[in-house]
Amino acid sequence: MNTTYKKIFGGDQIKANRVELTLRDGNIIPICKDEGESARLAGFSTSLPQFIEIYVHKDEEVKALSLISNLEWDN
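We now turn to the structure provided with this report. (Residues numbered from 1 in each chain as written. Predicted model: local features only at pLDDT ≥ 70, side-chain atom pairs only at ≥ 80, totals over all residues. Heavy atoms only, no water.)

Describing the sheet that holds strand β1 (residues 5-12)
Defined as follows: Pairing between two strands is assigned when DSSP locates at least 2 bridges connecting them. The secondary structure listing takes helices from DSSP runs of H or I that are at least 4 residues long and strands from runs of E that are at least 2 residues long, numbered from the N terminus. As a rule, the C-alpha atoms of each element are fitted with a line to give its axis, helices using only the stretch in contact, and angles between N-to-C directions run from 0 to 180 degrees. Whether two residues are in contact is decided by their heavy atoms: any pair within 4.5 Å suffices.
Spatial ordering of the open sheet is given by β1-β3-β2, a layout of three strands whose pairing is antiparallel. The sheet is open, and its two borders are formed by β1 and β2 (31-34), each paired with just one other strand. When strand polarity is set aside, the average angle formed by the axes of neighbouring strands in this sheet is 25 degrees. Relative to strand β3 (residues 51-57), β2 runs antiparallel, the two being bridged by four bridges. Counted as the bridge partner of K33 is E53 from β3. Along the sheet face, helix α1 (residues 13-25) touches β1, β2 and β3 and points at about 140 degrees away from the line of β1. This element, helix α3 (residues 61-69), spans β1 and β3 of the sheet and lies at about 25 degrees to β1.

Topic: the nonpolar core
This is how it is decided: Grouping buried Ala, Val, Leu, Ile, Met, Phe, Trp, Tyr and Cys residues that are joined through side-chain atoms within 4.5 Å yields what is termed a nonpolar core. Relative accessibility thresholds used throughout: buried, under 20% of the residue-type maximum; exposed, over 50%; partly exposed, between the two (1.4 Å probe, protein chains only).
Among the nonpolar cores identified, the biggest contains 12 residues, and these are I8, F9, A16, V19, L23, I28, I52, I54, V56, A64, I68 and L71. When contributions to this core are tallied by element, the ones reaching two or more residues are β1, α1, β3 and α3. Leave out the neighbours within four places in its chain, and A64 touches I8, L23, I28 and V56.

Below, the structure written as structure tokens:
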């Protein structure tokens, strides 16, 4: 499958929100895919609730990865 978008992150909603905001601050508009929310809206459930995937256009992949690699996570 040939796509123009690349997955750069997968994780819980809190971290995904932080990644999304960081990318938007860097003038990158991400696509956020929430399978759990999609399933809920369709009337189903999923085994991975609150798991978010973030994609960016392949031309912005390097910049996006650079931006999120600088994030510090307080685990």
